[in-house]
Amino acid sequence: MWVIFMRFVRSALNLILLLALLLAACAPVPADLPQELPPPQVQVLRPPALFVQQAAASTPTRTPTARPGAIITEILNIVNFRAFRNLPFGPAQVGDFVPLNGQIETAPGSRARMDFTNGHLMRMDQDTLFTLLRTPVSDCPSRTPGPTRTGVPSPTPTDTATPSRKGGPTAVPAPVLLERGRVWIVMCGEYSVTTPSGAVSASGDTILSVSYNPSTGVLETECIVGDCAINSLSVPPGTVGIVGGAGQPPFVVPMDPGDYGDWRDNVPEAIPFLPP
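If you're wondering where the values come from, they're calculated on a predicted model, not measured in any experiment.

Student: How should I be thinking about the overall build of the protein in this particular structure?
Tutor: The helix and strand tally for the protein stands at four helices and 16 strands. Considering the protein as a whole, with its 276 residues, one finds that 40% of them fall into the buried category. Partitioning the contacts of the protein with sequence separation of at least 6, the portion at a separation of at least 24 is 52%. For the protein, the accessible surface area stands at approximately 16200 Å², while carbon and sulfur atoms represent 62% of it.

Student: Explain the packing of aromatic side chains to me, please; I cannot follow it from the model alone.
Tutor: Centre-to-centre distance and the angle between the planes together describe a pair of aromatic rings. Summed over the entire model, instances satisfying the criterion amount to one aromatic pair. Ring centres of Phe116 and Tyr191 lie 6.3 Å apart, and the angle between their planes is 75 degrees; on these two criteria the pair is classed as edge-to-face. Here the residue Phe116 occupies a position in strand β6 (residues 111-116), and Tyr191 occupies one in strand β11 (residues 176-195), the gap between them amounting to 75 residues. By relative accessible area, which is 4% here, Phe116 ends up buried. Residue class for Tyr191 comes out buried when judged on its relative accessible area of 2%.

Student: Would you take a moment to explain the nonpolar core for this structure?
Tutor: If you look at soluble globular proteins, the nonpolar side chains tend to sit buried side by side. Grouped together as the largest cluster of nonpolar side chains are 33 residues, with contacts concentrated most on Ile104, Met114, Met122, Phe130, Ile185, Tyr191 and Val210. In this structure, Ile207, Ile224, Val225 and Ala270 belong to the second largest nonpolar core, which totals 15 residues.

Student: Looking at this model, I keep getting lost on the pairing of strand β15 (residues 239-243). Mind explaining?
Tutor: Regular strands place side chains that alternate from one sheet face to the opposite one. Burial analysis of β15 places five of its five residues in the buried class, which makes it a mostly covered element. Side chains Thr239, Gly241 and Val243 project from β15 onto one buried face, and the interleaved Val240 and Ile242 project onto a second face that is buried too. Across five bridges, strand β13 (residues 219-230) lies against β15 in antiparallel orientation. Residue pairing across strands places Thr221 opposite Gly241, the latter belonging to β15. Two strands pair when backbone bridges link them, and β15 and strand β16 (residues 250-254) are joined in this way by five bridges, in the antiparallel orientation. Among the inter-strand pairings, Ile242 is bridged to a residue of β16, identified as Phe251. Where β15 folds back onto β16 in an antiparallel hairpin, the turn is made up of six residues, including Gly247, whose phi is positive at roughly 85 degrees.

Student: Is there a simple way to think about the pairing of strand β2 (residues 79-82) in this case?
Tutor: Here β2 runs beside strand β5 (residues 103-106); their pairing, made up of four bridges, is antiparallel. Within β5, the residue paired with Phe81 across the bridge is Ile104. With two bridges joining them, β2 and strand β3 (residues 90-91) adopt antiparallel strand pairing. For Asn80, the partnering residue across the bridge sits in β3 and is Pro91.

Student: What's the story with the environment of Glu269 in this structure? I'm lost.
Tutor: Position of Glu269 relative to the elements: it lies in the segment after α4 (257-266). Judged by its relative accessible area of 1%, Glu269 falls in the buried class. Between the C-alpha atoms of Glu269 and Ile185, which are 84 residues apart in sequence, the distance is 9.8 Å. Within polar-contact distance, the side chain of Glu269 engages the side chain of Arg113 at 2.8 Å.

Student: When you look at α4 in this model, what are you seeing that I'm missing?
Tutor: For an α-helix, the turn length of 3.6 residues means that residues three or four places apart are oriented alike. Where α4 is concerned, the buried positions are Asp259, Tyr260, Trp263 and Asn266. Down the axis of α4, the sector holding all buried residues measures 140 degrees, keeping them to one side. Exposed residues on α4 whose side chains face more than 90 degrees from its buried face are Pro257 and Asp265. Check the buried side of α4 and you find it contacts β6, β7 (121-124), β11, β12 (198-212), β13 and β15. Where α4 begins, the capping side chain belongs to Asp256, and its oxygen is found 3.0 Å from the backbone nitrogen of Gly258.

Student: Would you mind showing me how to read the state of the cysteines here?
Tutor: Put plainly, a disulfide is one covalent bond tying together the sulfur atoms of two cysteines. Taken as a whole and assessed by the stated rule, the structure comprises one disulfide. What pairs with Cys223 in a disulfide is Cys228, and their sulfur atoms sit 2.2 Å apart. Judged by the sign of its S-S torsion, about 60 degrees, the bond between Cys223 and Cys228 is right-handed. The class for Cys223 is buried, based on a relative accessible area of 0%. Under the relative-accessibility criterion, Cys228 is labelled buried at 1%.

About the criteria used
Residues numbered from 1 in each chain as written. Predicted model: local features only at pLDDT ≥ 70, side-chain atom pairs only at ≥ 80, totals over all residues. Heavy atoms only, no water. Helix = DSSP H or I, 4+ residues; strand = E, 2+ residues; numbered from the N terminus. Buried < 20%, exposed > 50% of the residue type's maximum accessible area, 1.4 Å probe, protein only. Contact = heavy atoms within 4.5 Å. Areas by Shrake-Rupley, 256 points an atom, 1.4 Å probe, with all protein chains shown as cover. Phe/Tyr/Trp six-rings, centres within 6.5 Å; stacked < 30°, edge-to-face > 60°. Core = buried A, V, L, I, M, F, W, Y, C linked by side-chain atoms within 4.5 Å. Pairing = 2+ DSSP bridges. Polar contact = N/O pair within 3.5 Å; in protein donor to acceptor, adjacent residues only side chain to side chain. Arc of directions from axis to C-beta. Disulfide = S-S within 2.5 Å.

Right, dumping it as structure tokens:
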């Protein structure tokens, strides 16, 4: 009997424990407990607007300035370039910057064009060597040049109808040392090309050429437009100034059709100013 009673008590206790577990599982969840935890809140700290404006205003700005020199804009065949005399020559490329004391050399059958950073342009004939000493001085700030067929400003007929200055060009520091060959120049301002036989100078709106032969010492300049001079002798437009060698007196002769033909073939910027 005792054994049967103990089994009955154990079964009753198991049944009561099972009922308690079932009741606990079915009990409702309190409403004030959150079902899920909210995401963490991150606060972004920003500087006051006044501080940002002051910082921006105090940041220094750099204004770009044009370096004195020239840029090679056209090359035909073999053209060599070096930035300084103590460096070896190397092949030039369109876009190369020629600083002061830089040199450019064209081989036979080759040509090049340079645009100065202040607006002047110069074309080089074959077998030419020159050194850039300084950029030309411009004295025509009010002039508004028109575009040429190559997109670079040059004098217009209205610009050259009245020279910018009278009395001939004055002596100015030579921007170019021409050691051999020929250059054609389209410029506005004061300009001088020096050689062992003398110097060619110009002022105002000017189109001229300068050639020098180191074997003979002959120096020549052809003036198309402007106030031109060779060793202080005035060279009117349409004439050629010549120096027969170092120490020789300069003289002037008229340009001939062959001279104008060279301009038509080599300087498209000058064509509107050449005789028909």
